[in-house]
Amino acid sequence: MKIRAGFEIEYECQQPTPMLLALSVHPSRLRDLETPHHITFEPEIPSRDYRDDFGNICTRIVAPAGLLRMSTEFTIRDEGLPDEVAPDARQTPVDELPDDVLLFLLGSRYCETDRLTDLAWSLFGHVPQGWKMVAAICDYAHERITFDYMKADPMRSAVNGNYEQTGVCRDFAHLAVALCRCMNIPARYCTGYLGDIGVPEDVNPMDFSAWFEAYLDGRWYTFDARHNHPRIGRILMARGRDATDVAISTSFGASRLAGFKVITDEIVGKAAA
């Protein structure tokens, strides 16, 4: 399978403003690219990439005063397989977890484990450990939160999402990540492209998607509390503790989002050939 993906994003700044971008394809998917992947800026400005502590490719720029357009479009190969399901995957005891995985048991900016632990144990303390517990957590988040694109709130945390019962994909992911951590299951937040491949077309505007990974049986597995069933064609951009670590843009000064468009489409027929 081949997928065409990309974005066009515009920011308006009143003065030159440093920005940090997490908009590149994750290093684990670079080998699958069929066309070059690079971010174009209009007007042209200098940019520099580096790898952050989570292994993501980040881009540093100084946005000029006025309107800045950033864009990319690329083609990538994908196996076309749905997310893996492993119902027998066991939960790894905390004392056996690798050192670099322990970080994903701790609370973070949007995943307040200290405020959700009692709720988590009351809901899932009786559920078998491992895959079944993560699946139960996904079921809870999926049923608890109602997707509403118009009610996106960058300040909403897992606690707020659980209380307000509304949000977008990042809110489903934050709630599920926090509850997994409360139950001693390492979980990390993921962001990337996810088109409507193999499913009915979503009536909402296409956006970047958020899901999460849980550490079971010595490896990371993909889970998606918003859709709550295996999906095809995920293109990972970045992983972290929560949305703070993988925000598509972090502005060190005042900026306004002036335009936003994301595309993720399967290439079919003659175009794929």
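Residues numbered from 1 in each chain as written. Predicted model: local features only at pLDDT ≥ 70, side-chain atom pairs only at ≥ 80, totals over all residues. Heavy atoms only, no water.

Engineer: Hey, could you run me through helix α1 (residues 113-124) in this one?
Structural biologist: Residue pairs three or four apart in sequence face the same way in an α-helix, which turns once every 3.6 residues. Between the first and last C-alpha of α1 there are merely 14 Å, a value that for 12 residues lags more than 12% behind the 16 Å anticipated at 1.5 Å per step. The set of residues buried in α1 consists of T113, L116, A120 and F124. Buried residues in α1, looked at end-on, bunch into an arc of 70 degrees, giving them a common side. Away from its buried face, by an angle of more than 90 degrees, α1 presents the exposed residues R115, D118 and S122. Looking at the buried residues of α1, the elements they touch are α2 (131-144), α3 (158-164) and α4 (169-182). (Helix = DSSP H or I, 4+ residues; strand = E, 2+ residues; numbered from the N terminus. Expected span 1.5 Å × (residues − 1). Buried < 20%, exposed > 50% of the residue type's maximum accessible area, 1.4 Å probe, protein only. Arc of directions from axis to C-beta. Contact = heavy atoms within 4.5 Å.)

Engineer: Can you walk me through the packing of aromatic side chains in this structure?
Structural biologist: Remark: the centre distance and the inter-plane angle together describe each pair of aromatic rings, the angle taken between the planes. Under the criterion given, the structure shown has 11 aromatic pairs. Residues F212 and F223 carry aromatic rings whose centres are separated by 5.6 Å and whose planes lie at 20 degrees to one another, so their mutual orientation is stacked. Note that F212 is positioned in strand β10 (residues 209-216) and F223 in strand β11 (residues 219-223), a separation of 11 residues in sequence. When sorted by exposure, F212 lands in the same class as F223, which is buried. (Phe/Tyr/Trp six-rings, centres within 6.5 Å; stacked < 30°, edge-to-face > 60°.)

Engineer: For this particular structure, what's the right way to read the pairing of strand β4 (residues 48-51)?
Structural biologist: Strand residues, when the strand is regular, have side chains that alternate between the two faces of the sheet. Looking at chain direction, β4 and strand β5 (residues 57-63) are connected through 4 bridges and run antiparallel. Bridge pairing in β5 links R48 to R60. (Pairing = 2+ DSSP bridges.)

Engineer: Honestly, the pattern of salt bridges in this entry has me stumped. Any pointers?
Structural biologist: A side chain of one charge can pair with a side chain of the opposite charge when the charged atoms of the two come close. For the structure shown, the criterion picks out 22 salt bridges. Two residues, D32 and R29, come together in a salt bridge whose shortest N-O distance is 2.7 Å. Across the pair, exposure class does not vary: D32 and R29 are buried alike. Across the pair R156 and E164 runs a salt bridge whose closest N-O atoms are separated by 2.8 Å. Overall, the relative accessible area of 4% leaves R156 in the buried class. By sharing partners, the salt bridges in this structure join E8, E10, E42 and R69 into a single network. (Salt bridge = Lys/Arg side-chain N within 4 Å of Asp/Glu carboxyl O.)

Engineer: Looking at this structure, how should I read the environment of R231?
Structural biologist: For R231, the location among the structural elements is in the loop between β11 and β12 (235-240). Judged by relative accessible area, R231 falls into the buried class, the value being 4%. Every residue in contact with R231, bar those within four places of it in the chain, is listed here: L81, P82, D83, L194, G195, D196, I197 and V199. Among the polar contacts made by the side chain of R231, one reaches the side chain of H227 at a distance of 3.1 Å. (Polar contact = N/O pair within 3.5 Å; in protein donor to acceptor, adjacent residues only side chain to side chain.)

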